[in-house]
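# Structural features, examined
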Amino acid sequence: METYDIIIIGGGPAGLTAGIYAARAKMKTLLIESTFSASLITTTDMVENYPGFPGGIDGFGLVERFKEQALSFGLETLQDDITEIQAAASDVSSGWFAIGSQEYHARSLIIASGAAYAKLGVPGEKEFTGRGVSYCATCDAPFYRDRTIVVVGGGDTAVQEALFLTKFASRVTLVHRRDSLRATAILQERAFANEKLDFVWSSVVEEIRGEKTVSAVRLKNLVSGRSEDLAADGVFIFAGYIPNTELANGIIERDEDGYIIVDDRMHASQPGIFACGDCIRKLLRQVVTACGDGATAAFAAQLYVEELRGTLYPHRK
Ligand SMILES: Cc1cc2nc3c(=O)[nH]c(=O)nc-3n(C[C@H](O)[C@H](O)[C@H](O)COP(=O)(O)OP(=O)(O)OC[C@H]3O[C@@H](n4cnc5c(N)ncnc54)[C@H](O)[C@@H]3O)c2cc1C
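Since the model is a prediction, treat every value here as computed from it, not as a measurement.

## Section: the layout of surface pockets
- By volume, the second largest pocket is sized at about 1,000 Å³.
- As for the second largest pocket, its lining consists of 37 residues, and the residues nearest its centre are Thr-157, Ala-158, Phe-238, Gly-240 and Tyr-241.
- If you list the elements that add at least two residues to the lining of the second largest pocket, you get helix H3 (137–140), helix H4 (156–165) and strand E12 (203–210).
- By residue number, the principal contributor to the lining of the second largest pocket is H4, which donates 4 residues.
- Residue composition of the lining of the second largest pocket, grouped by class: 18 nonpolar, 9 polar and 10 charged.
- Residue contributions to the lining of the second largest pocket reach at least three from each of two domains, namely domain 1 (3–116 + 241–309) and domain 2 (119–237).

Printed below as a string of structure tokens:
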């Protein structure tokens, strides 16, 4: 079995940036990307806040550019779904196995497996994602200037994002399954004081409707049992966020929501395992922060491997 210096799990902005740095530093590096779930950013038509692209760039095109750059430095890539991580021996300096349809061995691992937005699982949600259905107000709010929006959820994120969306939309309607918000008091105060924000209580989304883009949301009132359509140009869903970190379960420390806990070198709680991007505990989950994390993780992994080999210059420790 081949031993890599670094194996990167995930082919989004974090993993590919780590790939650029690791391969350019002449580390023998393999990037493994899932066969069934692509980078989150490929689901959006327009990224307007990644520096260097005035006028914006489509998410798929941006990831293709990252990939081209990484491959030009000799990064090896393949597709597999990693389900498990295991120490190669009791002495972790022997490295780690990333296990998918087969085992891959490396001195160090970088987990860049991202996160997934929790879905409602209703008809129309999948079809209209990127065409009226969004999970990210920071990313998509400017597309809804003077339009009408439905926000689904009742926690801090939903209320905070609904307030943000009122800066763009003509009207925002927050739909919540309960008869009161779960958000903190200060957010509730701001929400109830905001004249652009309406509330539909005790209701759930049954279906998202439209032709080319979203035009209405079918809501069911849980008290009366009655269903009716509410016209909307966009639906923002904040039903939670699920990090793709099951593969590391029991191996490294994660927080109560499943995000991997890292230090400022992106080092997780086991020697030789690093993590970066949306799968780690952090404040802002965006492309630009994923890239920064990826660069740090790759550099730190490089130093770790050089130290294992005894080739690390002392001043770089
Ligand atoms: C609709 C939408 C619009 C957005 N718009 C913007 C925007 O305008 N600007 C912005 O900065 N950010 C935006 N974001 C956020 C941005 O997409 C993320 O912050 C960014 O993609 C995080 O990068 P990442 O590499 O950490 O994770 P991801 O891009 O999600 O990549 C994760 C990678 O890991 C792989 N993977 C997962 N599990 C496994 C496994 N078990 N085995 C192997 N591979 C695995 C996946 O295939 C994928 O390649 C948007 C998000 C969404 C959903």
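Text resumes after the structure shown.
## Considerations on the site of the ligand
- Among the 34 residues in the neighbourhood of the ligand, the closest are listed as Ser-37, Ser-39, Asn-49, Cys-139 and Asp-278.
- Taking Ala-14, its main chain carries an N or O atom lying 2.9 Å from an oxygen atom of the ligand.
- With respect to the ligand, the backbone of Ile-82 contributes an N or O atom lying 2.8 Å from a nitrogen atom.
- Surface burial for the ligand is 96%, taken as the share of its 1,000 Å² of free accessible area covered by protein chains.
- At the level of elements, helix H1 (13–24), strand E2 (29–33) and helix H6 (287–309) are the ones that each hand at least two residues to the shell around the ligand.

## Observations concerning the pairing of E2
- Counting buried residues in E2 gives 5 out of 5 residues, a clear majority hidden from the surface.
- The alternating pattern of E2 places Thr-29, Leu-31 and Glu-33 on one face and Leu-30 and Ile-32 on the opposite face, and all of these are buried.
- The parallel pair E2 and strand E3 (residues 76–79), bridged by helix H2 (residues 59–72), forms a crossover whose chirality is right-handed.

## Some remarks on unusual backbone geometry
- Phi at Lys-26 takes a positive value of approximately 65°, unusual for a residue other than glycine.
- Summarising the element assignment, Lys-26 is placed in the loop between H1 and E2.
- Phi at Ser-202 is positive, roughly 50°, even though this residue is not glycine.
- The class of Ser-202 is buried, set by a relative accessible area of 13%.

## Observations concerning H2
- With 14 residues, H2 extends 20 Å from end C-alpha to end C-alpha; this agrees with the ideal 20 Å at 1.5 Å per step.
- Every buried residue of H2 is listed here: Gly-59, Gly-61, Leu-62, Val-63, Phe-66 and Ala-70.
- Next to the buried residues of H2 lie H1 and H6.
- Looking one or two residues past H2, Gly-74 carries a phi angle of roughly 95°, positive in sign.

## Some points on the nonpolar core
- Membership of the largest hydrophobic core comes to 57 residues, with the highest contact counts inside it found for Ile-6, Ile-7, Tyr-50, Ile-85, Ile-110, Ile-111 and Ile-260.
- The element that contributes the greatest number of residues to this core is H6, accounting for 9 residues.
- Sequence-distant contacts of Ile-260, that is, excluding residues within four places in its chain, are made with Ile-111, Thr-245, Ile-252, Glu-253, Arg-254, Ala-268, Ala-275, Cys-279, Ile-280 and Arg-281.
- The next biggest cluster of nonpolar side chains, apart from the first, holds 22 residues, and it includes Ile-149, Leu-174, Ala-191 and Phe-236.

## Some remarks on the sheet that holds strand E14 (residues 227–231)
- Pairing is antiparallel in the open sheet, where 3 strands are placed in the order E12-E13-E14. Each edge of the open sheet is held by one strand with a lone partner, namely E12 and E14. If you compare each strand with its neighbour and ignore which way they point, the axes differ by 30° on average.
- Note that strand E13 (residues 214–221) and E14 share 5 bridges and pair antiparallel. Within E14, the position partnered with Arg-218 by the bridge is Asp-229.

## A few points about the sheet that holds strand E11 (residues 197–200)
- Strand order in this open sheet of 5 strands is E8-E15-E9-E10-E11, and the pairing throughout is parallel. With one partner strand each, in any of the chains shown, strand E8 (133–134) and E11 form the two edges of the open sheet.
- As defined by bridge partners, E8 adjoins strand E15 (residues 234–237) across 2 bridges and the pair is classed as parallel. Counterpart to Val-133 in the pairing with E15 is Val-235.

## Concerning the domain arrangement of the protein chain
- Considered domain by domain, the protein chain is made up of domain 1 (3–116 + 241–309) and domain 2 (119–237).
- Inter-centroid distance (C-alpha atoms) of domain 1 to domain 2 is 33 Å.
- Facing 7 residues of domain 1, the contacting portion of domain 2 comprises 7 residues.
- When domain 1 packs against domain 2, close to 490 Å² is buried across both sides, 49% of that on carbon and sulfur atoms.
- One can count 0 salt bridges joining domain 1 with domain 2.
- Considering only residue class, the side of domain 1 that touches domain 2 consists of 1 nonpolar, 4 polar and 2 charged.

Cut-off values and rules
Residues numbered from 1 in each chain as written. Predicted model: local features only at pLDDT ≥ 70, side-chain atom pairs only at ≥ 80, totals over all residues. Heavy atoms only, no water. 1 Å grid on protein atoms, 1.4 Å probe; cavity = no way out; pocket = protein on both sides within 12 Å on 5 of 7 lines; lining within 4 Å. Points joined across faces, edges and corners; volume = space filled by probe spheres on them. Helix = DSSP H or I, 4+ residues; strand = E, 2+ residues; numbered from the N terminus. Nonpolar A, V, L, I, M, F, W, Y, C, P; charged D, E, K, R; others polar. Domains from an automatic or database assignment. Near = heavy atom within 4 Å. Polar contact = N/O pair within 3.5 Å; in protein donor to acceptor, adjacent residues only side chain to side chain. Areas by Shrake-Rupley, 256 points an atom, 1.4 Å probe, with all protein chains shown as cover. Buried < 20%, exposed > 50% of the residue type's maximum accessible area, 1.4 Å probe, protein only. Right-handed = clockwise from strand over helix to strand, strands pointing away. Expected span 1.5 Å × (residues − 1). Contact = heavy atoms within 4.5 Å. Core = buried A, V, L, I, M, F, W, Y, C linked by side-chain atoms within 4.5 Å. Pairing = 2+ DSSP bridges. Axes fitted to C-alpha atoms, helices over the stretch in contact; angles between N-to-C directions. Buried area = accessible area lost by both parts, 1.4 Å probe. Salt bridge = Lys/Arg side-chain N within 4 Å of Asp/Glu carboxyl O.

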